[in-house]
Amino acid sequence: MLLLVAVSIDSIVSNPRFEWDVVGDYLFDDRILDGLVLTLELTVAAMAAGIVLGVLLAVMRLSPNPLVAGASGFYIWLFRGTPVLVQLLFWNFIAALYPEISIGVPFGGPEFFSIQANSAITPFVAALLGLGLNEGAYMAEIVRAGILSVDEGQHQAAHSLGMSRLQTMRRIVLPQAMRVIIPPTGNETISMLKTTSLVSVIATAELLYAAQLIYAENYRTIPLLIVASIWYLALTTVLTIGQYYLERHFGRGSARELPLTPWQRFTRIVVPRHAEPATEPEASGR
């Protein structure tokens, strides 16, 4: 394995076609950094919308009211069943269906507010709607799985204390369900970071689109794609570390001993531990 890694690194570093000097020139280019900031904004905003929407849809899905549960199920079916790229294009061209967005009394009643769809649904808003609404459907199933992982006795005990269904969900069920919800939510956040690259099809200047604009001018396609990949790897690494510490925080109480942090594992490898002295057997007393 070490030989294979060494050969791979040597091949990548010594191959002049990678043009590492070009990669270094554009790694901190202003256009790349602006695209990076927009990628982070889309990731945070879309995940926040998806989490809030997912919790709401999960609670609706578990409702005893068939109308409420059915509405949630229909939403999840629709947004999980169509590709996110199609949804992004749909929101970007929504003005073709609804040129004017208005608020008022339905069925021909008075109109209180109206705006042109092209003015309201900018490429950034279209990207946020496409990513956030799609993520809400997936988060709904993640939150629902976490809620169902909590023993039914917890619900019954809370109800016996006079708590309402909403209080039980907020104070008893969701805090315990977080142990199950956090790992897939972390994966969804990392996936969302990379999924933002799809908004390049609607001319939103996130990280990948910024790289595409640059290599469309200088024809250095491979180096600019490497620049984008380096930034994606850096961001996913930070998110992975954050996910680890969140899982460790919410995992307290589920195990006798918390798992070691990455720094603790590193120090154990670098700094050898002294062997503990062997204990002498106790005298038998015979």
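Residues numbered from 1 in each chain as written. Predicted model: local features only at pLDDT ≥ 70, side-chain atom pairs only at ≥ 80, totals over all residues. Heavy atoms only, no water.

As recorded in an unreviewed UniProt entry, the chain goes by Polar amino acid transport system permease protein and comes from Conexibacter arvalis. Check the Sequence similarities (unreviewed entry) section of the UniProt entry for the chain; it says "Belongs to the binding-protein-dependent transport system permease family." Per UniProt, the chain has the following entry under Subcellular location (unreviewed entry): "Cell membrane". (UniProt positions renumbered as here; feature names shortened; annotations may be inferred.)

## As for the pattern of salt bridges
Applying the stated criterion across every chain yields a total of five salt bridges. Between Arg-31 and Asp-29 there is a salt bridge, with its nearest N and O atoms 3.2 Å apart. A residue is classified by how much of its surface remains accessible, and Arg-31, at 38% relative accessible area, is partly exposed. Glu-217 is the salt-bridge partner of Arg-31, the closest N and O atoms lying 3.4 Å from each other. Of this pair, Arg-31 sits in helix H3 (residues 30–61) while Glu-217 is found in helix H10 (residues 207–218), placing the two residues 186 residues apart along the sequence. (Salt bridge = Lys/Arg side-chain N within 4 Å of Asp/Glu carboxyl O. Buried < 20%, exposed > 50% of the residue type's maximum accessible area, 1.4 Å probe, protein only. Helix = DSSP H or I, 4+ residues; strand = E, 2+ residues; numbered from the N terminus.)

## Observations concerning the UniProt feature "transmembrane region" (unreviewed entry) in the chain
In the numbering used here, UniProt assigns the "transmembrane region" (unreviewed entry) feature to residues 38–62, 74–95, 115–134, 198–216 and 222–246. Here residues 115–134 is 80% helix and 10% strand, with 25 Å between the C-alpha atoms at its ends.

## A short note on the side chain of Asn-134
With respect to the helices, strands and loops of the structure, Asn-134 is situated in helix H7 (residues 123–148). Asn-134 has contacts with Phe-79, Thr-82, Val-84, Gln-87 and Leu-129, leaving out every residue within four places of it along the chain. (Contact = heavy atoms within 4.5 Å.)

## Quick notes on H3
The end-to-end C-alpha distance of H3, which contains 32 residues, comes to 45 Å, matching closely the 46 Å that a straight helix rising 1.5 Å per residue would cover. One side-chain oxygen of the residue at the start of H3 lies 2.9 Å from the amide nitrogen of Arg-31, identifying that residue as Asp-29. (Expected span 1.5 Å × (residues − 1). Polar contact = N/O pair within 3.5 Å; in protein donor to acceptor, adjacent residues only side chain to side chain.)

## Considering the environment of Pro-184
Relative to the assigned elements, Pro-184 resides in helix H9 (residues 165–195). Residue classification places Pro-184 among the partly exposed residues on the basis of a relative accessible area of 26%. Put simply, Pro-184 and Tyr-138 are 46 residues apart on the chain and 10.0 Å apart in space, counted from C-alpha to C-alpha.

## Overview of the pairing of strand S2 (residues 111–116)
One ladder, built from five bridges, connects strand S1 (residues 100–104) with S2; its direction is antiparallel. Looking at S2, one finds that Gly-104 is bridged to Glu-111. Hairpin connection of S1 to S2: six residues between the antiparallel strands, including Phe-107 at a positive phi of 60 degrees. (Pairing = 2+ DSSP bridges.)

## Focus: the side chain of Glu-206
Secondary-structure assignment places Glu-206 in the loop between H9 and H10. Of the side chains with opposite charge, Lys-194 comes closest to the buried, unpaired Glu-206, at an N-O distance of 13 Å. There is a polar contact of 3.3 Å between the side chain of Glu-206 and the side chain of Tyr-232. Once residues lying within four places of it in the same chain are set aside, the contact partners of Glu-206 are Gly-35, Leu-38, Thr-39, Thr-196, Ser-197, Val-199, Ser-200 and Tyr-232. (Lys, Arg positive; Asp, Glu negative; His and termini not counted.)

## Side note on unusual backbone geometry
Even without being a glycine, Ala-203 presents a positive backbone phi close to 60 degrees. Here Ala-203 lies in the loop between H9 and H10.

## Section: the packing of aromatic side chains
Throughout the structure, instances matching the rule amount to six aromatic pairs. Ring centres 5.9 Å apart and planes at 85 degrees place the aromatic pair Phe-90 and Trp-91 in the edge-to-face group. Look at Phe-90 and you get partly exposed, because its relative accessible area is 43%. (Phe/Tyr/Trp six-rings, centres within 6.5 Å; stacked < 30°, edge-to-face > 60°.)

## As for the nonpolar core
Proteins that are soluble and globular tend to have nonpolar side chains buried together. Counting 24 residues, the largest nonpolar core has Leu-131, Val-143 and Val-199 as its most contacted members. When residues of this core are traced back to their parent elements, those giving at least two are H3, helix H5 (84–92), H7 and H9. In terms of residues, this core owes the most to one element, H7, which gives seven residues. Sequence-distant contacts of Val-143, that is, excluding residues within four places in its chain, are made with Gly-54, Val-55, Ala-58, Leu-174 and Ile-181. (Core = buried A, V, L, I, M, F, W, Y, C linked by side-chain atoms within 4.5 Å.)

## A closer look at the environment of Ile-142
Checked against the element boundaries, Ile-142 lands in helix H7. It is 9.7 Å that separates the C-alpha atoms of Ile-142 and Ile-51, two residues lying 91 residues apart in sequence. Discounting residues that sit within four places of it in the chain, Ile-142 has contacts with Ile-181, Pro-184, Thr-185 and Glu-188.

## As for the environment of Tyr-98
Position of Tyr-98 among the secondary structure elements: in the loop between H5 and S1. The exposure class assigned to Tyr-98 is exposed, which follows from its relative accessible area of 54%. C-alpha separation for the pair Tyr-98 and Ala-117, spaced 19 residues apart in sequence, amounts to 6.8 Å.

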